[in-house]
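Each chain is listed here by its residues.
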Amino acid sequence: MTEFIQHIVNGLSFGAIYALIALGYTMVYGILQFINFAHGDIFMIGAYIGYYAGNALGLNDHPSIWGFFVVLLLSMVTSGVIGFLVEFLAYRPLRKAPRINVLITAVGVSLFFEFGAQMLFGANPKAFPHLVDVSKSFYIGGVQIDSMELVVFTVTILLMLALEFVLYRTKVGKAMRAVSHDHNVALLLGIPVNMIISITFVLGSAMAAAAGILVGMSYPKLEPLMGVMFGLKAFVAAVFGGIGNVRGAVVGALIMGVSEQLIVSYGVPTFRDAFAFALLIVVLIFRPKGLFGKTLAEKV
Amino acid sequence: MMQETLLAFEKVSLSYGGIQALRNITFQIPKGEIVTILGANGAGKTSCLRAISGLVPLKAGTVRYKNEAISAWSSKKTHLVAGLGIAHVPEGRGIFPELSIDENLDLGAWLQKDPQVIAKNRERVFHLFPRLKERQFQAGGTLSGGEQQMLAIGRALMASPELLLLDEPSLGLAPQIIHLIFKIVQEVNASGTTVVLVEQNAHLALQIAHRGIVLETGELTLVDEAKNLLNNPKIREAYLGNS
Ligand SMILES: Nc1ncnc2c1ncn2[C@@H]1O[C@H](COP(=O)(O)OP(=O)(O)OP(=O)(O)O)[C@@H](O)[C@H]1O
Ligand SMILES: [Mg+2]
């Protein structure tokens, strides 16, 4: 039993990271009805920014919690700006174009980042610096919780609460939800729809960057293609939760993280990555709108 | 007496791809009036309102508001039109179903910075539509059709508009609700707001309007005072069931 709970805890910490990425997919889909395939690469860039910032601040030799927050913030802000630029330069000019054009552009942006990163950062894996001392572990009734998991849970919970606050308690958040329902009506009320879309990209990218830092710290290895698998799984989690639904993405991601962990522990470890694909196929066949999704027909 | 013109169409043409929806339309909306735009399905009524709000660019001509040629920029900066004091309640009401009634109203006040004005407007909306107050925290999507129309109008009033554009507010509603809504439109107009009322229900619309504009397949066929239109045999035959 303790062992089972242990797997659940470990799975949740994976799931929390997927959730941070999945939020960006689902928010952008909600507002523009398209899958931003470059989102996983923003996650990768966020991790690399953490790598360079962490080293520049000398945190590897002197880990500190404040240093960690500085790196986290720096990466989130920079990635937010990159997300803004991606939307502004690549997607905004295509606002009235057929959706397929935007999708193809997104794939192009993704390849641009992946190959750009290989040129800029090198194709070889890099070791992520130790930002905080995470050597300690805690025990709650026999269940081990690593400091790293604690960091993951703390950061994700804080960020999700912040996002929840923005979406449901602020004027901009109300506008984001309004725009995701109808751009034209929002315009008629004077809501600057393009600006709201920019904010959505900035928030989603910042969350993905935070996930990048957490992944960098958990498996201290960075590579330019690391966004592909993480992005894909987060995307599946978002579809599973009901694409466009913010809370659904979080639940979907947590279920995904736990399921993977259970497959690794009790099933066939090599099937870990296959699980996401199997889940995607099953969801698309039996429940395309996901766990909490509205019927997609409503949007089309 | 010379009336001040609030809004003017000057030779406006508008099309959707190959489909021409408005041809060379010219009319004026005098300040302080209720003007109804009448016409059958597809006559171009909604397109007139979209031309004002900038939701669709004009193919030719000019829309002037307070003498400014707003059509020069309105389709590129559509969200700025609301800032001129123009509130457009679209066809189908356009309420946000997942947002609560309160949140829908908050968004109506998007451009309103003064919290006191917002509070005053909200009070006014709840006074006009007490049912909205009862359902304040409910999701907009849970409202009945009539209540959704009330919310859509209420949301528009949150912006203290000078010009209110209403696109078929009576559509699909029970007669008592229509009467209630039309009564409120009259009240809003009496308090100084100019109203453009698009309607298929010509009889009702002409009863509260000062003036009517009749469109037929994208062309303007008649502009006259409402009482004249009510007695015009052609109108009676075409739109009033000639009873
Ligand atoms: N988004 C659009 N795309 C293409 N054609 C359109 C579009 N909207 C309207 N039209 C066409 O333009 C013409 C005028 O339409 P409009 O909606 O202005 O008429 P309407 O008088 O409001 O009709 P209704 O009473 O049905 O609302 C019609 O022929 C219509 O089919
Ligand atoms: Mg219409």
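Conventions and cut-offs
Residues numbered from 1 in each chain as written. Chains lettered and ligands numbered in written order. Predicted model: local features only at pLDDT ≥ 70, side-chain atom pairs only at ≥ 80, totals over all residues. Heavy atoms only, no water. Contact = heavy atoms within 4.5 Å. Buried area = accessible area lost by both parts, 1.4 Å probe. Salt bridge = Lys/Arg side-chain N within 4 Å of Asp/Glu carboxyl O. Polar contact = N/O pair within 3.5 Å; in protein donor to acceptor, adjacent residues only side chain to side chain. Helix = DSSP H or I, 4+ residues; strand = E, 2+ residues; numbered from the N terminus. Nonpolar A, V, L, I, M, F, W, Y, C, P; charged D, E, K, R; others polar. Axes fitted to C-alpha atoms, helices over the stretch in contact; angles between N-to-C directions. Parallel < 35°, antiparallel > 145°, perpendicular 65-115°, else oblique. Left-handed = near helix turned anticlockwise from the far one by under 90°. Donors = N, O, S within 2.8 Å, 3.2 Å for Na, K, Ca; no water. Buried < 20%, exposed > 50% of the residue type's maximum accessible area, 1.4 Å probe, protein only.

K.L.:
Hey, could you run me through the interface of chain B and chain A in this one?
P.N.:
Listed per partner, the contact involves 23 residues of chain B and 21 residues of chain A. For the pair chain B and chain A, the two sides together bury roughly 1,900 Å², of which 68% comes from carbon and sulfur. Among the residues of chain B in contact with chain A, B:H79, B:F96 and B:W110 are the three that bury the most area, contributing 34% of the side total. Of the charged contacts in the structure, one is a salt bridge between A:R177 and B:E103, with a shortest N-O distance of 3.0 Å. Counting the contacts that link chain B with chain A gives 4 residue pairs in polar contact (both at pLDDT 80 or more). Ranked by the residues each element gives to the side of chain B that touches chain A, the list is headed by helix 2 (residues 101–108) of chain B, at 4 residues. Class assignment of the residues belonging to the side of chain B that touches chain A gives a composition of 11 nonpolar, 7 polar and 5 charged.

K.L.:
Would you mind going over the packing of helix 3 (residues 65–91) of chain A against helix 4 (residues 99–121) of chain A with me for this structure?
P.N.:
In a packed pair of helices, the relevant descriptors are the angle between the two axes and the axis-to-axis distance. Residues and elements named next belong to chain A. Contact geometry of helix 3 with helix 4 gives a least axis separation of 11 Å together with a crossing angle of 135 degrees. Put simply, helix 3 runs oblique to helix 4. In terms of crossing hand, the pair formed by helix 3 and helix 4 is right-handed. Side by side, helix 3 and helix 4 meet where I82, V86, A90 and Y91 of the first sit next to V102, T105, A106, V109 and F113 of the second. Across the contact of helix 3 with helix 4, the residue classes tally to 8 nonpolar, 1 polar and no charged.

K.L.:
In this structure, what is going on with the coordination of the magnesium ion (ligand 2)? I would like to understand it.
P.N.:
The expected angle between donors at a tetrahedral four-coordinate metal is 109.5 degrees. At an octahedral six-coordinate metal it is 90 or 180 degrees. All names here are of chain B. Protein coordination at the magnesium ion (ligand 2) comes from T46 (OG1) and E91 (OE), with a distance range of 1.8 to 2.1 Å. On the criterion of sequence distance, the pair formed by T46 in helix 1 (residues 45–53) and E91 in the loop between strand 6 (86–89) and helix 2 is long-range, its members being 45 residues apart. Given the relative accessible area of 13%, T46 is considered buried. Relative accessible area serves as the criterion here: at 41%, E91 is assigned to the partly exposed category.

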